[in-house]
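Residue-level listing of the chains:
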Amino acid sequence: MENEDIKLYIPSNVKVRMEFFKGYGIKELIITIIVAVALIPISIIVYYLSNQNYLMSVLIEMFGVVAIVVATTKDENNLCIVNQVKYMIDFVRTQKKYEYEYYDKWRC
(Lines give C-alpha, C1' and ligand atoms only; values in the text may rest on other atoms or scores of the structure.)
Protein backbone atom coordinates (compact mmCIF):
# COMPACT_ATOMS: atom_id res chain seq x y z
CA MET A 1 0.00 0.00 0.00
CA GLU A 2 1.11 3.50 -0.70
CA ASN A 3 1.12 6.16 1.96
CA GLU A 4 -2.22 7.92 1.78
CA ASP A 5 -3.35 10.99 3.64
CA ILE A 6 -6.41 10.05 5.59
CA LYS A 7 -8.39 13.07 6.69
CA LEU A 8 -10.37 12.71 9.89
CA TYR A 9 -13.46 14.68 10.74
CA ILE A 10 -12.80 16.92 13.71
CA PRO A 11 -15.92 18.28 15.43
CA SER A 12 -16.25 22.05 15.60
CA ASN A 13 -15.91 22.32 19.40
CA VAL A 14 -12.69 20.31 19.62
CA LYS A 15 -9.50 22.38 19.60
CA VAL A 16 -6.60 20.91 17.63
CA ARG A 17 -4.04 23.50 18.75
CA MET A 18 -3.19 25.47 21.85
CA GLU A 19 -4.92 28.84 22.00
CA PHE A 20 -4.37 31.74 24.39
CA PHE A 21 -7.94 32.89 23.83
CA LYS A 22 -10.58 31.79 21.34
CA GLY A 23 -9.13 31.95 17.84
CA TYR A 24 -5.67 33.24 18.82
CA GLY A 25 -2.85 30.74 19.12
CA ILE A 26 0.91 30.38 18.73
CA LYS A 27 0.90 31.08 14.97
CA GLU A 28 -0.96 34.36 15.43
CA LEU A 29 1.34 35.33 18.32
CA ILE A 30 4.41 34.86 16.13
CA ILE A 31 2.85 37.04 13.40
CA THR A 32 2.04 39.71 16.01
CA ILE A 33 5.61 39.70 17.33
CA ILE A 34 7.03 40.03 13.81
CA VAL A 35 4.76 43.01 13.08
CA ALA A 36 5.61 44.64 16.43
CA VAL A 37 9.35 44.33 15.71
CA ALA A 38 8.83 45.67 12.18
CA LEU A 39 6.98 48.72 13.58
CA ILE A 40 9.85 49.67 15.93
CA PRO A 41 11.96 51.42 13.22
CA ILE A 42 8.89 53.30 12.01
CA SER A 43 8.15 54.40 15.57
CA ILE A 44 11.74 55.57 16.02
CA ILE A 45 11.60 57.60 12.81
CA VAL A 46 8.30 59.18 13.87
CA TYR A 47 9.78 59.92 17.30
CA TYR A 48 12.63 61.94 15.83
CA LEU A 49 10.47 63.63 13.18
CA SER A 50 7.88 64.76 15.73
CA ASN A 51 10.37 66.66 17.89
CA GLN A 52 10.83 63.72 20.25
CA ASN A 53 7.16 63.35 21.09
CA TYR A 54 6.93 59.78 22.39
CA LEU A 55 3.12 59.69 22.32
CA MET A 56 2.93 59.28 18.54
CA SER A 57 5.51 56.48 18.59
CA VAL A 58 3.66 54.61 21.32
CA LEU A 59 0.33 55.02 19.54
CA ILE A 60 1.76 53.68 16.27
CA GLU A 61 3.10 50.63 18.07
CA MET A 62 -0.10 50.02 20.02
CA PHE A 63 -2.47 50.48 17.08
CA GLY A 64 -0.28 48.26 14.91
CA VAL A 65 -0.28 45.43 17.43
CA VAL A 66 -4.01 45.73 18.16
CA ALA A 67 -4.81 45.80 14.43
CA ILE A 68 -2.77 42.67 13.72
CA VAL A 69 -4.34 40.82 16.67
CA VAL A 70 -7.83 41.69 15.40
CA ALA A 71 -6.90 40.81 11.80
CA THR A 72 -5.41 37.39 12.64
CA THR A 73 -7.89 36.15 15.27
CA LYS A 74 -9.98 33.35 13.81
CA ASP A 75 -13.76 33.14 14.14
CA GLU A 76 -16.04 30.10 14.57
CA ASN A 77 -15.52 29.11 10.92
CA ASN A 78 -11.71 29.13 11.31
CA LEU A 79 -11.36 32.24 9.15
CA CYS A 80 -9.62 35.48 9.98
CA ILE A 81 -9.92 38.86 8.30
CA VAL A 82 -6.65 38.35 6.43
CA ASN A 83 -7.83 35.04 4.92
CA GLN A 84 -11.20 36.52 4.01
CA VAL A 85 -9.49 39.35 2.12
CA LYS A 86 -7.26 36.81 0.34
CA TYR A 87 -10.34 34.82 -0.71
CA MET A 88 -12.06 37.98 -1.97
CA ILE A 89 -9.01 38.93 -4.05
CA ASP A 90 -8.83 35.40 -5.49
CA PHE A 91 -12.53 35.55 -6.35
CA VAL A 92 -12.15 38.88 -8.14
CA ARG A 93 -9.27 37.48 -10.21
CA THR A 94 -11.10 34.33 -11.30
CA GLN A 95 -12.98 34.01 -14.55
CA LYS A 96 -16.57 35.24 -14.38
CA LYS A 97 -17.65 34.92 -17.99
CA TYR A 98 -17.98 31.43 -19.39
CA GLU A 99 -18.13 31.15 -23.15
CA TYR A 100 -20.35 28.29 -24.22
CA GLU A 101 -21.08 27.02 -27.69
CA TYR A 102 -24.05 24.78 -28.05
CA TYR A 103 -23.28 21.54 -29.81
CA ASP A 104 -26.12 19.25 -30.82
CA LYS A 105 -24.62 15.78 -30.96
CA TRP A 106 -27.66 14.33 -32.72
CA ARG A 107 -27.53 16.71 -35.71
CA CYS A 108 -23.78 16.70 -36.42
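Structure first, text after, so check above.
Thresholds, definitions, all that
Residues numbered from 1 in each chain as written. Predicted model: local features only at pLDDT ≥ 70, side-chain atom pairs only at ≥ 80, totals over all residues. Heavy atoms only, no water. Helix = DSSP H or I, 4+ residues; strand = E, 2+ residues; numbered from the N terminus. Buried < 20%, exposed > 50% of the residue type's maximum accessible area, 1.4 Å probe, protein only. Polar contact = N/O pair within 3.5 Å; in protein donor to acceptor, adjacent residues only side chain to side chain. Axes fitted to C-alpha atoms, helices over the stretch in contact; angles between N-to-C directions. Parallel < 35°, antiparallel > 145°, perpendicular 65-115°, else oblique. Left-handed = near helix turned anticlockwise from the far one by under 90°. Contact = heavy atoms within 4.5 Å. Phe/Tyr/Trp six-rings, centres within 6.5 Å; stacked < 30°, edge-to-face > 60°. Expected span 1.5 Å × (residues − 1). Salt bridge = Lys/Arg side-chain N within 4 Å of Asp/Glu carboxyl O. Patch = residues over 30% accessible without salt bridge, like charges linked within 9 Å, V, L, I, M, F, W, Y side chains within 5 Å. Areas by Shrake-Rupley, 256 points an atom, 1.4 Å probe, with all protein chains shown as cover.

Once that is clear, we can look at the environment of T94. Among the secondary structure elements, T94 is positioned in the segment after α3 (81-93). Take T94: its relative accessible area is 41%, and that puts it in the partly exposed class. At a separation of 2.7 Å, a polar atom in the side chain of T94 contacts the main-chain carbonyl oxygen of F91.

Another point: the packing of helix α1 (residues 26-49) against helix α2 (residues 54-72). Two elements in contact, α1 and α2, have axes separated by 9 Å at closest approach and are oriented at 160°. Between α1 and α2, the angle falls in the class roughly antiparallel. In terms of crossing hand, the pair formed by α1 and α2 is right-handed. Facing α1, whose interface residues are E28, I31, T32, V35, A36, L39, I40, S43, V46 and Y47, α2 presents Y54, M56, S57, I60, E61, G64, V65, I68, V69 and T72.

The next thing to look at is the packing of aromatic side chains. This model, assessed by the stated rule, comprises two aromatic pairs. An angle of 0° between the planes, with centres 4.9 Å apart, marks the rings of F21 and Y24 as stacked. Under the relative-accessibility criterion, Y24 is labelled buried at 5%. Arranged with centres 5.2 Å apart and planes meeting at 70°, the rings of Y47 and Y48 form a pair that is edge-to-face. For Y47, a relative accessible area of 26% corresponds to the partly exposed category.

With that out of the way, let us pick up α2. Taking 1.5 Å per residue, 19 residues should reach 27 Å; α2 reaches 27 Å between its end C-alpha atoms and fits that length. Between a side-chain oxygen at the N-terminus of α2 and the backbone nitrogen of L55 the separation is 3.3 Å; the capping residue is N53.

Looking now at the pattern of salt bridges. Summed over all chains, the structure comprises one salt bridge. E99 is the salt-bridge partner of K97, the closest N and O atoms lying 3.8 Å from each other. Both residues of the pair, K97 and E99, count as exposed.

Turning our attention to unusual backbone geometry. Despite not being glycine, Q52 shows a phi value in the positive range, around 55°. Looking at the element boundaries, Q52 is found in the loop between α1 and α2. With a phi close to 60°, N78 is a non-glycine residue in the positive phi region. As for its position among the elements, N78 is in the loop between α2 and α3. The exposure class assigned to N78 is exposed, which follows from its relative accessible area of 52%.

To continue, consider a nonpolar patch on the surface. Together, M18, F20, F21, I26, L29, I30, I33, I34, V37, I40, I44 and Y48 give the surface a local cluster of nonpolar side chains, amounting to about 1100 Å² of exposed area. Counting residues per element, the ones that place at least two in the nonpolar patch are β1 (19-21) and α1. Tracing the chain through its elements places F21 in strand β1. Judged by its relative accessible area of 42%, F21 is partly exposed.

Fair warning: the whole summary comes from geometry, so function is off the table for now.
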